[in-house]
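Breakdown of the fold
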Amino acid sequence: MAYKTLIVEIEEHVALIRLNRPDALNALNAELMSELADAIGQADRNDKVRCVVLTGSEKAFAAGADIKEMSQKGFVDVFGKDFFTPETEEILRCRKPIIAAVSGYALGGGCELAMLCDFIIAADTAKFGQPEINLGVIAGIGGTQRLTRFVGKSKSMDMHLTGRFMDADEAERAGLVSRVVPAKKLMEEVMAIADKIAEKSRLTTIAVKECVNRSYETTLREGLLFERRVFHSLFATDDQKEGMAAFLEKREPQFRDK
Ligand code: DAK
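First, a word on scope: everything that follows refers to the structure included in this document. (Residues numbered from 1 in each chain as written. Predicted model: local features only at pLDDT ≥ 70, side-chain atom pairs only at ≥ 80, totals over all residues. Heavy atoms only, no water.)

Quick notes on the site of the ligand
Worth spelling out the cut-off: Only heavy atoms are used to decide nearness, and a residue is near a molecule or strand if one of them lies within 4 Å of it. In the analysis that follows, any N or O atom pair within 3.5 Å is treated as a polar contact, provided that within protein one partner can donate a hydrogen and the other can accept it, and provided that, for residues neighboring in sequence, both atoms belong to side chains. Areas reported as accessible are Shrake-Rupley estimates using a 1.4 Å probe. Residue values count occlusion only from the protein chains shown. When residue character is reported, Ala, Val, Leu, Ile, Met, Phe, Trp, Tyr, Cys and Pro are called nonpolar, Asp, Glu, Lys and Arg charged, and the others, Gly included, polar.
Residues in contact with the ligand amount to 22 residues; listed here are only the nearest, Lys59, Ala63, Ala65, Phe83 and Gly109. At 3.3 Å from an oxygen atom of the ligand is found a main-chain nitrogen or oxygen belonging to Asp23. Bound to the protein, the ligand loses 63% of the 1,100 Å² it would expose on its own. Classifying every residue of the shell around the ligand gives 14 nonpolar, 4 polar and 4 charged.

Written out as structure tokens, the structure is:
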């Protein structure tokens, strides 16, 4: 499918999805969110794809929900149509790892979109923020919940209540992003990380994603039990046999997703 607000390329085993509304700093409007949900769903269903990278432009990952479009809405629209929920659910349903490659602004819904991904690699130019308070609203794609889990209550309150931006170094210190790289090397580094993930058994990447995400949804005791059971189940796979045999034979494993 040809998209109007995205550029999608499949490079080897990686689906690279680039938000592409440069005139609006990739603000998230209905069309973009619908196309993004479609593109991620397609990447998830495409057997060739083993990892997804979501990025924006050098200046902006995404500057938030489209304020022009949003300003026209009333309660009946946002509540009645459950504003952006179906699209968000589609992104969360993806079983393949999704890396957010963030350069420039990731604000409001843009910051939330990055946090919906499995992890964030930031360029040293990245700026994160939840400035919705300046518009008389609050975050609505999980910002009050997810940012708090990433950076803790104090910093999350600070970000949401003042609307200030956090730079890449602070975001790394606070645990929001996993690595910071020079802006010029962002895509090279992220694609190399995605390629590395693509080499793993797909069964184990799914298992990791399910287990880590479970830690957000359940008690420690239940999470540990879930992890243990998934670990046990991987001993039913050929890839477990292959991974361990390859180590003992001092060679690279050849995973077959079986
Ligand atoms: N929406 C629409 N257009 C935007 C935009 C946005 N969020 N951000 C930037 N633009 C547009 C600007 O209007 C401008 O367009 P023209 O005037 O040239 O036509 C163009 O992008 C370039 O922006 P600037 O001229 O402002 O560029 P600067 O470098 O001077 O400033 C900036 C960059 C990122 C600091 C600034 O543009 C800015 O502050 N943007 C707004 C950031 C913001 O407030 N974001 C949060 C939006 S509220 C929910 C779902 C989602 C949400 C809530 C609920 N539910 C499911 C319940 C999300 C809410 C939000 O994200």
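Next comes the rest of the account.
Considerations on the pairing of strand 7 (residues 119–123)
Side-chain positions along a regular strand alternate between the two faces of the sheet. Stated formally: Buried means the residue's accessible area, taken with a 1.4 Å probe over protein chains only, is under 20% of the maximum for its type, while exposed means over 50%, and partly exposed covers the values in between. For helices the rule is a DSSP run of H or I covering at least 4 residues; for strands it is a run of E covering at least 2, with both sets numbered from the N terminus onward. The pairing criterion for strands is at least two bridges between them, as found by DSSP.
Among the 5 residues of strand 7, 4 are classified as buried, and the element is accordingly described as predominantly covered. The pairing of strand 5 (residues 98–102) with strand 7 spans 4 bridges and is classified as parallel. Across the sheet, Ala100 pairs through a bridge with Ile120, a residue of strand 7. Summarising the sheet, strand 7 and strand 10 (residues 179–181) pair through 3 bridges and their orientation is parallel. Bridged to Ala123 within strand 10 is Val181.

Considering the sheet that holds strand 3 (residues 51–55)
The strands making up a sheet associate through backbone hydrogen bonding, with each pair oriented either parallel or antiparallel. Quick note on the threshold: Here the axes come from fitting lines to C-alpha atoms, over the contacting stretch only for helices, and the angles between their N-to-C directions go from 0 to 180 degrees.
Strand order in the open sheet made by the 6 strands is 1-2-3-5-7-10, with mixed pairing throughout. Pairing within the sheet leaves two strands with one partner each, and these edge strands are strand 1 (6–11) and strand 10. On average, each strand axis in the sheet is tilted by 20 degrees relative to the strand beside it, whichever way the strands run. Relative to strand 2 (residues 14–19), strand 1 is paired through 6 bridges, and the arrangement is antiparallel.

Some words on the sheet that holds strand 6 (residues 105–107)
Strand order across the open sheet formed by 4 strands is 4-6-8-9, with mixed pairing between neighbours. Every other strand in the sheet has two partners, leaving strand 4 (60–62) and strand 9 (165–167) as the edge strands with one partner each. Along the sheet, successive strands turn relative to each other by an average axial angle of 20 degrees, direction set aside. Pairing analysis gives 2 bridges linking strand 4 to strand 6, with the strands arranged parallel.

A few points about the nonpolar core
Note the threshold: Buried Ala, Val, Leu, Ile, Met, Phe, Trp, Tyr and Cys residues that are joined via side-chain atoms within 4.5 Å together make up what is termed a nonpolar core.
If you look at the biggest cluster of nonpolar residues, it comprises 45 residues, and the most contacted ones within it are Phe128 and Leu176. Broken down by element, the residue count for this core peaks at 6 residues, all from helix 1 (residues 30–45). Of all hydrophobic cores here, the second largest spans 15 residues; its members include Ile121, Leu186, Val190 and Ile193.

Considerations on the side chain of Gln240
Keep this limit in mind: The contact criterion used is simple: two residues touch if any of their non-hydrogen atoms lie within 4.5 Å.
Its place among the elements puts Gln240 in helix 12 (residues 238–248). When neighbours within four sequence positions are excluded, Gln240 is seen to be in contact with Leu234 and Phe235.

Things to note about helix 4 (residues 85–93)
To be explicit about the condition: This arc describes the spread of directions from the helix axis toward the C-beta atoms.
Residues Glu87, Thr88, Glu90 and Ile91 constitute the buried set of helix 4. Looking straight down helix 4, one finds that the buried residues subtend no more than 155 degrees of arc, so they occupy a single side. Helix 4 presents Pro86 and Arg93 as exposed residues on the side facing more than 90 degrees away from its buried surface. Those residues of helix 4 hidden inside the fold are in contact with helix 1, strand 5 and helix 5 (109–116).

A few points about the layout of surface pockets
Filter applied, for reference: For cavity detection a 1 Å grid was placed over the protein atoms alone, and a set of points counts as a cavity when a 1.4 Å probe fits there but cannot get out; an open set counts as a pocket when protein lies on both sides within 12 Å along at least five of seven lines, with lining residues being those that have an atom within 4 Å of a point. Grid points are joined across faces, edges and corners, and a volume is the space filled by probe spheres set on the points.
Computed from the structure, the largest pocket encloses a volume of approximately 970 Å³. Contributing to the lining of the largest pocket are 36 residues, with Asp118, Lys209, Val212, Asn213 and Tyr216 lying nearest its centre. Secondary-structure elements contributing two or more residues to the lining of the largest pocket are helix 4, helix 5, strand 7, helix 6 (143–151) and helix 10 (202–214). Of the residues assigned to the lining of the largest pocket, the class counts are 19 nonpolar, 7 polar and 10 charged. The volume enclosed by the second largest pocket comes to roughly 560 Å³. Looking at the lining of the second largest pocket, the elements with two or more residues in it are helix 2 (67–70) and helix 5. Taken together, the residues that form the lining of the second largest pocket break down as 14 nonpolar, 8 polar and 3 charged.

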